[in-house]
Amino acid sequence: MMRSCFSQEREPEKPIVPEGLKRVGNPGKGSSSPQLSSRDRREMSPHAVPEIKKGTVKEQTEFFENQGKGSSSPQLLARDGREIPPHAVPEIKKGTVKEQTEFFENQGRRVEENKRAMEDMLKQNLHEIPQQMQALQEAFRRMQDSTRCDLEHLKTHLHNEQGRRVEENKRAMEDMLKQNLHEIPQQMQALQEAFRRMQDSTRCDLEHLKTHLHNEQGRRVEENKRAMEDMLKQNLHEISQQMQTLQEAFRHMQDSTRRDLEHFKTHLHNEQDRSELLSYKGDVTLDADTAHPRLEISTDGQKVKDTGVIRQVPSNEKRFDSHLFVLAKEGYTSGKHYWEVSVGRRRSWALGLARESVTRKGPLTLCPQNGFWAIGLADGRDCWAYTDRWTRLNGSGHLHKIGIFLNIPAKQVTFYHADKRAALHTFSIGDGSSQEGKFIPFFSTGPVTAEPDPEPLLIV
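Read on for an overview of the structure.

Calculation criteria
Residues numbered from 1 in each chain as written. Predicted model: local features only at pLDDT ≥ 70, side-chain atom pairs only at ≥ 80, totals over all residues. Heavy atoms only, no water. Helix = DSSP H or I, 4+ residues; strand = E, 2+ residues; numbered from the N terminus. Buried < 20%, exposed > 50% of the residue type's maximum accessible area, 1.4 Å probe, protein only. Contact = heavy atoms within 4.5 Å. Salt bridge = Lys/Arg side-chain N within 4 Å of Asp/Glu carboxyl O. Core = buried A, V, L, I, M, F, W, Y, C linked by side-chain atoms within 4.5 Å. Phe/Tyr/Trp six-rings, centres within 6.5 Å; stacked < 30°, edge-to-face > 60°. Axes fitted to C-alpha atoms, helices over the stretch in contact; angles between N-to-C directions. Parallel < 35°, antiparallel > 145°, perpendicular 65-115°, else oblique. Nonpolar A, V, L, I, M, F, W, Y, C, P; charged D, E, K, R; others polar. Polar contact = N/O pair within 3.5 Å; in protein donor to acceptor, adjacent residues only side chain to side chain. Pairing = 2+ DSSP bridges.

A short note on the overall build of the protein chain
Regarding its fold elements, the protein chain presents 6 helices and 15 strands. Counting the 460 residues in the protein chain, one finds 35% classified as buried. Partitioning the contacts of the protein chain with sequence separation of at least 6, the portion at a separation of at least 24 is 67%.

Quick word on the pattern of salt bridges
Side chains carrying opposite charge are able to pair once their charged atoms draw close together. Going through the model one piece at a time under the given rule, you end up with 19 salt bridges. Across the pair Glu138 and Arg142 runs a salt bridge whose closest N-O atoms are separated by 3.8 Å. Here Arg142 and Glu138 lie together in helix H4 (residues 96–159), a separation of 4 residues that amounts to about one turn. Overall, Glu138 belongs to the partly exposed group, its relative accessible area being 31%. You can call Arg142 exposed: its relative accessible area is 51%. A salt bridge links Arg171 to Glu167; the nearest nitrogen and oxygen atoms lie 3.7 Å apart. With Arg171 and Glu167 both in helix H5 (residues 164–214) and 4 residues apart, this pair spans about one turn of that helix.

Overview of the nonpolar core
Formed by 50 residues in total, the largest nonpolar core has its most connected members in Trp349, Ile402 and Phe443. Grouped together as the second largest cluster of nonpolar side chains are 14 residues, Leu136, Leu246, Phe250 and Met253 included.

Comments concerning the packing of aromatic side chains
Given two aromatic rings, one states the distance between the centres and the angle between the planes to describe the pair. Enumeration according to the criterion identifies 11 aromatic pairs in this entry. Residues Phe103 and Phe104 carry aromatic rings whose centres are separated by 5.6 Å and whose planes lie at 65° to one another, so their mutual orientation is edge-to-face. Here Trp384 and Trp390 contribute two aromatic rings whose centre-to-centre distance is 6.0 Å and whose plane-to-plane angle is 50°, an arrangement assigned as tilted. Residue Trp384 is classed as buried on the basis of its relative accessible area of 18%. Among the aromatic residues, those joined into a cluster by ring pairs are Phe320, Phe325, Phe372 and Phe442.

Describing the packing of H4 against H5
Interhelical geometry of H4 versus H5 gives an angle of 175° and a closest axis separation of 12 Å. In terms of orientation, H4 and H5 fall into the roughly antiparallel class. When grouped by side-chain class, the residues that make up the contact of H4 with H5 number 18 nonpolar, 8 polar and 4 charged.

Digging into the side chain of Ser348
Relative to the elements of secondary structure, Ser348 occurs in the loop between strand S6 (336–342) and strand S7 (349–355). In this structure Ser348 comes out as buried when scored by relative accessible area, which is 12%. Reaching out from Ser348, the side chain makes a polar contact with the backbone nitrogen of Asp379 at a distance of 3.3 Å. Those residues in contact with Ser348, other than ones at most four positions away along the chain, are Leu377, Ala378, Asp379, Thr445, Gly446 and Pro447.

Observations regarding the sheet that holds strand S4 (residues 303–306)
Each strand in a sheet pairs with another by means of backbone hydrogen bonds, the pair being arranged parallel or else antiparallel. Across the sheet, which stays open at both edges, the 7 strands sit in the order S3-S4-S15-S6-S11-S12-S13 with antiparallel pairing between neighbours. One side of each edge strand has no neighbouring strand; the edge strands of this open sheet are strand S3 (295–297) and strand S13 (422–428). Here the strands of the sheet are splayed against their neighbours by 20° on average, with no regard to which way each runs. Here S3 pairs with S4 via 3 bridges, running antiparallel. Each residue of the ladder has a partner; that of Glu296, found in S4, is Lys305.

Looking at unusual backbone geometry
Backbone geometry places Lys411, a non-glycine residue, at a positive phi of 55°. Tracing the backbone shows Lys411 in the loop between strand S11 (401–407) and strand S12 (412–417). One non-glycine residue with positive phi stands out, namely Arg421, at about 55°. Its location among the elements puts Arg421 in the loop between S12 and S13.

Points about the pairing of S4
Side chains Val304 and Asp306 of S4 all project onto a buried face; the interleaved residues Lys303 and Lys305 project onto a face where none is buried. As consecutive antiparallel partners, S3 and S4 are separated by 5 residues, and within that stretch Gly301 has a phi angle of approximately 70°, a positive value. Looking at chain direction, S4 and strand S15 (residues 457–459) are connected through 2 bridges and run antiparallel. In the strand pairing of S15, Lys303 is matched with Leu458.

Some details on the pairing of strand S8 (residues 372–378)
The element S8 is extensively covered by neighbouring structure, given that 6 of its 7 residues are classed as buried. As paired elements, S7 and S8 share 6 bridges and run antiparallel to each other. Considered in S8, the bridge of Leu353 is made with Trp373. Linking S8 back to strand S9 (residues 382–385) in an antiparallel pair, the connection comprises 3 residues, with Asp379 at a positive phi of about 55°.

Re the sheet that holds S9
Here 6 strands make up an open sheet; going across it, the order is S5-S14-S7-S8-S9-S10 and the pairing antiparallel. Of all the strands in the sheet, the pair left with one neighbour each is strand S5 (325–327) and strand S10 (391–392). Both S9 and S10 contribute to a ladder of 2 bridges, which runs antiparallel. Each bridged residue has a counterpart across the sheet, and for Ala385 the counterpart in S10 is Thr391.

From the geometry alone we can't say anything about function, so treat these as descriptive.
Pasting the structure below:
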């Protein structure tokens, strides 16, 4: 539209020079008054021609009109006071300067209108870009919220499922996440392509504007051109920064989604391991005949607590008399077995496995050589595996519930952080023990010298 407007402009009309004023030579652009021919120079002195004042076109028009008022043939005097004949003064045609003035004013209006049209067009383009950016960011947020919501629903569903259906739902979730991650780069690519097209279009418009402004005159037009270029550069710079911010947010979302997926895979793997362990879970009941006299066993055989006093109990060979130990009634010689024990907030405890033939009387040490495979908490600080040289269990945190898995075919016993489904330590029960007989679940409320803790150990 800009080019069509300028194509209709007509060539500026050449000012009409009076016959008596013929231009001599090739005067420069700064010449403000016509020169007389040789004949006129001979006939009149330089002071005989009225001086044409410098100034705006409007001022010159008023000057010539004032010169034309009064007598039809003004009387001019030379330097010596003699009157100059009327034919010696060149005639100035009326109306010529006024037409030129109107032409230049029309030119100025057209330049201003074209400038405003160009500014409106650029403002409209720059106004649409943030709207598109905002719409895309809103779509990203909605997609992110939808993805999180779908992931939470899927986790809840998978938590209640086992086996084949769990595996199928996992694969479906992975495929859906991969598809979403595949579609997002495509959308980003389309946005980048649109941004490049917009940049090219803006550059083209800018080049047209530069070409147009290059052909115009005046300081104001040049200043507007520079201001427009600075504004466009600033807007393009801001758009580039917004694109970088959006790309960085997209990368963060990708990383977060990958982490969530890895966490989900780990959680699913642990769920499957826990499902397998729970399939080997059986009943475990405490044997009150083996409990130290300070220990009190519940009537259902599921809880034991330290009373802090020696109780009157029957004496027998199975009872521990020097340590706060108690065994279960069940013993195992084959197969796989799993049980869980809640330790609550106790500061001291020990749990594990013992051979049926372990020493019950007098002092003894918890270690595989003596027929004990156990872990425990000492004074609420460190958790240990009671190997021949105790092993500190790093990164276990505060344990509330312990899972114990006895795998007799594999000759192993493994302890788990039941709440996190994470393995804590694994003992080999094959060699190194001088004891014999069944493998029996083992429980202890802590050292005899420790202050009694009323919170019980509970078989879950």
